[in-house]
Amino acid sequence: METGMLNENPNNLNWKNKLEDAGGLPEEILADKNATWEKLHNRLVPKPRRKRIVWYWAAAACILITIIIPLLKADKKHDSVVKKASPQAIPKKGFVKKVVPLQEEKIMAIAAKEIKKTVTLTQDVHLKSEVLLSKDILQKPAIVSPKLNTQNNIPPVQIMEQMPVQEMPVANVIALLGNTKKLKVVHINELGDPIPETHSKQRITDYRPIQIRLINQEVYSTALPSINNPGFNIFKTGNAPSN
Amino acid sequence: MDIAQLIREAKQGSASAQKCLFDLLSDRMMLVCRRYVKSAEDAEEVLLDGFYKFFKNLSSFNFQGDAALYVWLKKIMVNECLMLLRKKNVFTIVTEATAEDLPLEEEALNNLSAKEIFNLIVQLPVGYRTVFNLYEIEGMNHKEIGGLLGIAEGTSKSQLSKAKLLLQKNLLQNGNGYVKRKSK
């Protein structure tokens, strides 16, 4: 461009020179040169306000730091308190690798023993189902107590949620209790069978009291069967004449 | 004070040297700006921007004489003017392939005063005026103009020929004074 700026037409220098001459055009030049210079000077000189702004930012940063540091410290304290309260929540890696297989074996053995005990106590009808259950338990991966399930770090609540509630056998419940405490084994028949109860409830509606009056005016009636006593009862009423 | 000395001091950040340079060059630069930008306020704004860039980039400038300094500063000003015209979107050029290469009535223009020449140029439309200024006064060729304005070379030529036609027309309208002076 600079080469282009050099004038190519030497013939027309006069009128161009006239245009360049500020003296020929006094109206077109700057009216107030000082004011224009002031504007330019203000642009050129770095403003002191910027320094102030920097100080404001620094002060704001300091305030933020003073607020944040105690908050972070408080959080750390809270975390340490939680760790102290539940030291087994996050076990060490080495501990998990060494101990977990032994614990699982123990649990399996205890679960098997408990199942055997229950099997001996049950009747022939229940034997088959219990044995089947015990087999299932041994085949399935062991459900360990919350304290001992450290290998996968799965919370016990999650394990319970994953299991179908209706299919959860008694032996599994025993296994969940852990190996340290030996709880009293209760047979399923001792807990009571819910199925006859529902039957009896249904039958109650079918029962109707019957009264039989004999010649000697002894009245025999059937009372409504209760849940505890579902049989056919005969009561003697007080209307019978005394001999 | 010597301009070279002023440049040296201005490079070091001397405000007084910068003011001296501004006082020396601002009038001529204002005339350059006014040729491109019609409004006096806009021209002043362009002048300020141009001088700001000049002082900011002064450290990279090697002083080789007054003419070189003038050319460099003028180039900055012209670029600033073109930037303003582009920003304001007043720079509309209709593309035309054909262009007549009309001769400029140099003699007629030489006989006019600076103010008359200035008024003739300023009266031209923006597109004509810009191409005329760049070609006839700054001495650029059509390729350079096309590159600066983002137009084709042919468009630049047609704009120039139309500008010259319009100038001749305006010269004829003010012909009485021109003829009288020529006859004398």
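## A few points about the overall build of chain A
When you go through chain A residue by residue, the secondary structure sums to 10 helices and three strands. Per-residue burial over chain A gives 21% buried out of 243 residues. Within chain A, contacts between residues at least 6 apart in sequence are counted, and of these 46% link residues at least 24 apart. Surface accessibility of chain A: about 19,500 Å² in total, with carbon and sulfur atoms responsible for 60%.

## Looking at helix 1 (residues 3–11) of chain B
For an α-helix the count is 3.6 residues per turn, leaving residues at separations of three or four pointing the same way. All names here are of chain B. Of all the residues in helix 1, the buried ones are Ile3, Ala4, Leu6, Ile7 and Ala10. Along helix 1, the residues classed as buried sweep out an arc of 160 degrees about the axis, all on the same side. Turning to helix 1, the residues buried within the fold contact helix 2 (15–36), helix 3 (40–56) and helix 4 (66–88). Of the residues one or two after helix 1, glycine 13 is the one with positive phi, at around 95 degrees.

## What to know about the packing of helix 3 of chain B against helix 4 of chain B
All names here are of chain B. Packing of helix 3 against helix 4 brings their axes to within 9 Å, and their N-to-C directions diverge by 130 degrees. Comparing the axis directions of helix 3 and helix 4 gives the class oblique. Judged by the sense of rotation from one axis to the other, the crossing of helix 3 with helix 4 is right-handed. Across the interface between the two elements, Asp42, Val46, Leu47, Asp49, Gly50, Phe51, Lys53 and Phe54 of helix 3 pack against Leu69, Trp72, Leu73, Ile76, Met77, Glu80, Cys81, Met83, Leu84 and Lys88 of helix 4. Among the residues making up the contact of helix 3 with helix 4, the classes are represented as 12 nonpolar, one polar and five charged.

## Re the interface of chain B and chain A
Between chain B and chain A, the residue contacts involve 47 residues of the former and 33 residues of the latter. Summed over both sides, the interface of chain B with chain A buries roughly 3,900 Å², with 61% coming from carbon and sulfur. Our enumeration of links across chain B and chain A arrives at four salt bridges. Residue B:Glu44 is joined to A:Lys39 by a salt bridge in which the shortest nitrogen-to-oxygen separation is 3.4 Å. Of all the secondary structure elements, the ones that give two or more residues to the side of chain B that touches chain A are helix 2, helix 3, helix 4, helix 5 (106–110), helix 6 (114–122), helix 7 (126–137) and helix 8 (142–149) of chain B. Element by element, the count of residues in the side of chain B that touches chain A is highest for helix 2 of chain B, at 13 residues. Residues belonging to the side of chain B that touches chain A are distributed by class as follows: 23 nonpolar, seven polar and 17 charged.

## Re the pattern of salt bridges
Following the criterion strictly, the structure yields nine salt bridges over all chains and no others. Here B:Asp49 makes a salt bridge to A:Arg43, at a shortest N to O gap of 2.5 Å. Pair noted here: B:Asp49 is in helix 3 and A:Arg43 is in helix 3 (residues 33–44), and the two residues belong to different chains. Look at B:Asp49 and you get partly exposed, because its relative accessible area is 22%. We note a salt bridge from B:Lys164 to B:Glu136, for which the minimum N-O separation is 3.4 Å. Note that B:Lys164 is positioned in helix 9 (residues 153–173) and B:Glu136 in helix 7, a separation of 28 residues in sequence. The pair formed by B:Lys164 and B:Glu136 is uniform in burial state, with each residue classed as buried. Connected via shared salt-bridge partners are A:Arg43, B:Glu45 and B:Asp49.

## Topic: the confidence of the model for chain A
All names here are of chain A. Model confidence for chain A is summarised by a mean pLDDT of 64, while 32% of its residues fall at 70 or above. Ranking the elements of chain A by mean pLDDT puts helix 1 (residues 2–5) last, at 42, and helix 3 first, at 88. Here residues 94–99 is a poorly scored stretch, pLDDT under 50, and it has five contacts once near neighbours within four places are set aside; other chains count. Taken together, the stretch residues 144–150 has pLDDT below 50 and engages in 18 contacts with residues farther than four places along the chain or on a different chain.

## With respect to the environment of B:Thr155
Here B:Thr155 lies in helix 9. On a C-alpha basis, the gap between B:Thr155 and B:His142 in space is 8.8 Å, while along the polypeptide they are 13 residues apart.

The rules behind each value
Residues numbered from 1 in each chain as written. Chains lettered and ligands numbered in written order. Predicted model: local features only at pLDDT ≥ 70, side-chain atom pairs only at ≥ 80, totals over all residues. Heavy atoms only, no water. Helix = DSSP H or I, 4+ residues; strand = E, 2+ residues; numbered from the N terminus. Buried < 20%, exposed > 50% of the residue type's maximum accessible area, 1.4 Å probe, protein only. Contact = heavy atoms within 4.5 Å. Areas by Shrake-Rupley, 256 points an atom, 1.4 Å probe, with all protein chains shown as cover. Arc of directions from axis to C-beta. Axes fitted to C-alpha atoms, helices over the stretch in contact; angles between N-to-C directions. Parallel < 35°, antiparallel > 145°, perpendicular 65-115°, else oblique. Left-handed = near helix turned anticlockwise from the far one by under 90°. Nonpolar A, V, L, I, M, F, W, Y, C, P; charged D, E, K, R; others polar. Buried area = accessible area lost by both parts, 1.4 Å probe. Salt bridge = Lys/Arg side-chain N within 4 Å of Asp/Glu carboxyl O. pLDDT = per-residue confidence, 0-100.

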